[in-house]
Amino acid sequence: MTEERLMDKIIEVCTRRGFISPAAEIYGGVGGFYEYGPLGTLMMQKIIDLWRQIFVLDDDRVYEISGSVLLPESVFQASGHLESFDDPLVQCKNCKSMFRADDIILDESSIKAEGLPLEELDKIIADNNIKCQKCQGNLDKAKQFNLMFKAQVGSTGGTTAYLRPETAQNIFINFKRLAGFMRNKLPFGIAQVGSSFRNEISPRNFLLRVREFQQMEIEMFYDPAKENEHEHYEEIRDLKINLVTREMQEKGWTKPLKISIEEGLEKKLIPNQYMAFLMAMETEMLKVLGVPEDVFWFRHMQDHEAPHYSAGNYDLEADLSIGHMEIIGNALRTDYDLQKHAKASGTSYEIVVDDKKIVPHVAEPSLGVGRILYTILEKCYQDDGRGWTWFKFPSTIAPLEIAVFPLMKKDGLAEFAYDLHQDLKDAGYLSFYDVSGKIGKRYARADEIGIPYCITVDYDSLKEGSVTVRDRDTIKQIRVPVEDLEVVIGELSEGEAEFEEFGGIIS
RNA sequence: GCAUCUGUAGUCUAGUGGUAGGACUGCAGCUUCCCAAGCUGCAAACCCGGGUUCGAAUCCCGGCAGUUGCACCA
């Protein structure tokens, strides 16, 4: 008997309990598209809120925008996406295997064919008698496979547009206005959350490889001459991060290097303070979200792995049940995009710094909300013989924070509990009220979706005005006066107090 | 995309060429009980489209979706 995969168990709970389900399910579904249900949406909002707090609201020099999802072809012509997201593929007529045309040409004839038009690729293949690498069969004509979704704008289809493959381009094409808003003073950052689309050849692994996904991106613009004058450097210099250097990758690594930001910069393992800042903040963010520090690291990507616009990528990878997975991409985009758009559009993207005109450089953290959410789900999933599975979500990410139950329906317990539930909602908690079934079943239901605290109203509540609070992680209970409840739950949720501090454990 | 295996209520599953049973979940009621699975009742399914056949959920073909392997992958 084969052990059921962790991912399958998580998919099962997610679909059954209203986290995430396949899109257009009743019509058979579409590969690579998922829809977030009530609980999934609450979690997604919490991830976005935390990111916004850390990366945007806490920094006076960062503002958030919301750009258009559909953009004209000219944008992607300039950005390089049309070229580098548009791979020429050839198929073997015999065994139907697919190859990238330029790759197979390079392999078989050492001719560098990247970026050549289809006819030329066909000609090189014919001239050099290149055959299928698997079965030596004849190759069909090269075809374009575009990773971008194409659309026609206008009733007569006059303008070709594409769904954005990353949110970043909105920021680059609005740079002049945004720089004006920031009064043309560096450094500054522009953030954006939203959907991006990539027509992946084979979407797989649930939320990890999809065709529509939410990204949280920031373009941090700075003067490259001042790349080590980050405003908040002092606050992060002593923080430690996990790093996998290129040297480690060549030698074969088993454990990432744990290193302080300061040491990483001194040893030139981290390129500059702007990248260091991103690494530090992302590490903190994931820890708050319930992902243990020892299951993720930053890997300095090899040259050939980095995107076309990047002069160096330090991607955050997590150790998941299916293997190592990129969760966050951190790119040094230099002035690549601004230069491209300035040139293509004829707009000046220069900013005056110390009486010199420069085009700023960019450090970009690109966070995939779905991938982060899946990582949290996997790392919080518990199957420890309790009789049911549960999620050990911290309150910061738990879709619902409190459940309120009357021990029984009668004798006014239900009314008491319902009023308490309303009060907690008014106080800002995501509270859930449930009367149906036995109390044990309700605890199990709450555990399964990771509600941290269950409050039960019993007969003593009516007499003394106190309730029991059950801790999901330990199944222990304490008795708390109703008037203290908001404070107690608040301190517990913030991790400011231990459970036992508020009263004796009830057996 | 290629190959492979797979597709029965919300979930897990039984099943035969004559249109489906079970368990759990859910809902209502009983019970009044502090860790799901006490009792009664109800609701709920053969992925879609063709074909073969008197008749198909069962056989065949195609599609869709998923698994695994390969390829691809910001």
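For the structure itself, consult the block above.
Here is a short report on the structure shown in this document.

Basis of the calculations
Along every chain, residues carry numbers that run from 1 in the direction the sequence is written. Here chains are named by letter from A upward and ligands by number from 1 upward, in the order in which they appear as written. Selection of residues for local features in this predicted model requires a pLDDT of at least 70, selection of side-chain atom pairs for listing and counting requires 80 or more, and totals for whole chains, interfaces and linings are taken over all residues. To obtain the side-chain values, all non-hydrogen atoms of the structure were used and water was disregarded. Note on conventions: DSSP H or I runs of at least 4 residues are helices, E runs of at least 2 residues are strands, and numbering of each starts at the N terminus. Each residue gets one of three labels from its accessible area relative to the maximum for its type: buried under 20%, exposed over 50%, partly exposed in between, using a 1.4 Å probe on protein chains only. Counted as a polar contact is a pair of N or O atoms within 3.5 Å, where, for protein atoms, one must be capable of donating a hydrogen and the other of accepting one, and residues adjacent in sequence contribute only when both atoms are in side chains. Pairs of residues are marked as contacts when any of their non-hydrogen atoms sit within 4.5 Å. A cutoff of 4 Å decides nearness: a residue is near a molecule or strand if any of its heavy atoms lies inside that distance of it. All residues other than Ala, Val, Leu, Ile, Met, Phe, Trp, Tyr, Cys, Pro, Asp, Glu, Lys and Arg, Gly among them, are scored as polar; the first ten of these are nonpolar and the last four charged. Ring pairs are drawn from Phe, Tyr and Trp, using the six-membered ring of Trp, whenever the two centres fall within 6.5 Å, and their geometry is named by plane angle: stacked under 30 degrees, edge-to-face over 60, tilted for the rest. Any Lys NZ or Arg CZ that is within 6 Å of a ring centre and within 35 degrees of that ring's normal is treated as a charge sitting over the ring.

### Quick word on the side chain of Ser461
Piece 1. Tracing the chain through its elements places Ser461 in helix α17 (residues 459–464).
Piece 2. Ser461 gets classed as buried once you look at its relative accessible area, which sits at 1%.
Piece 3. Of note is the side chain of Ser461, whose polar atom sits 2.9 Å from the backbone nitrogen of Asp458.
Piece 4. Reaching out from Ser461, the side chain makes a polar contact with the backbone oxygen of Ser466 at a distance of 2.7 Å.
Piece 5. Sequence-distant contacts of Ser461, that is, excluding residues within four places in its chain, are made with Phe416, Thr456, Ser466, Val467 and Arg479.

### Quick word on the protein's contact with RNA strand B
Piece 1. In the vicinity of RNA strand B lie 44 residues, with Arg5, Arg198, Pro307, Met408 and Arg445 positioned nearest.
Piece 2. Backbone sugar and phosphate groups make up 53% of those atoms of RNA strand B lying within 4 Å of the protein.
Piece 3. Residue Arg5 places a side-chain N or O atom 2.3 Å away from a phosphate oxygen belonging to RNA strand B.
Piece 4. Residue assignment for the surface near RNA strand B shows that the elements contributing at least two residues are α1 (6–16), β6 (98–100), α16 (439–448) and β25 (466–471).
Piece 5. Considering every element that reaches the surface near RNA strand B, the biggest residue donor is α16, with six residues.
Piece 6. Residues that form the surface near RNA strand B fall into these classes: 15 nonpolar, 13 polar and 16 charged.

### Section: the packing of aromatic side chains
The geometry of an aromatic ring pair comes down to the distance between the two centres and the angle between the two planes.
Piece 1. Counted according to the given criterion, the structure contains 19 aromatic pairs.
Piece 2. Their ring planes at 15° and their centres at 6.0 Å tell us that Phe175 and Phe188 sit as a pair that is stacked. One end of the pair, Phe175, is in helix α8 (residues 175–181); the other, Phe188, is in strand β10 (residues 188–197), and 13 residues separate them in sequence. By the burial criterion, Phe175 is buried, and Phe188 matches it.
Piece 3. Here a set of aromatic residues connected by ring pairs shows up, and it is made of Phe172, Phe175, Phe188, Phe221 and Tyr349.
Piece 4. Cation over ring: Arg333 sits above Tyr309, and NZ or CZ is 3.4 Å from the ring centre.
Piece 5. Seen from the ring of Trp390, Arg386 lies directly overhead, with NZ or CZ sitting 4.0 Å from the centre.

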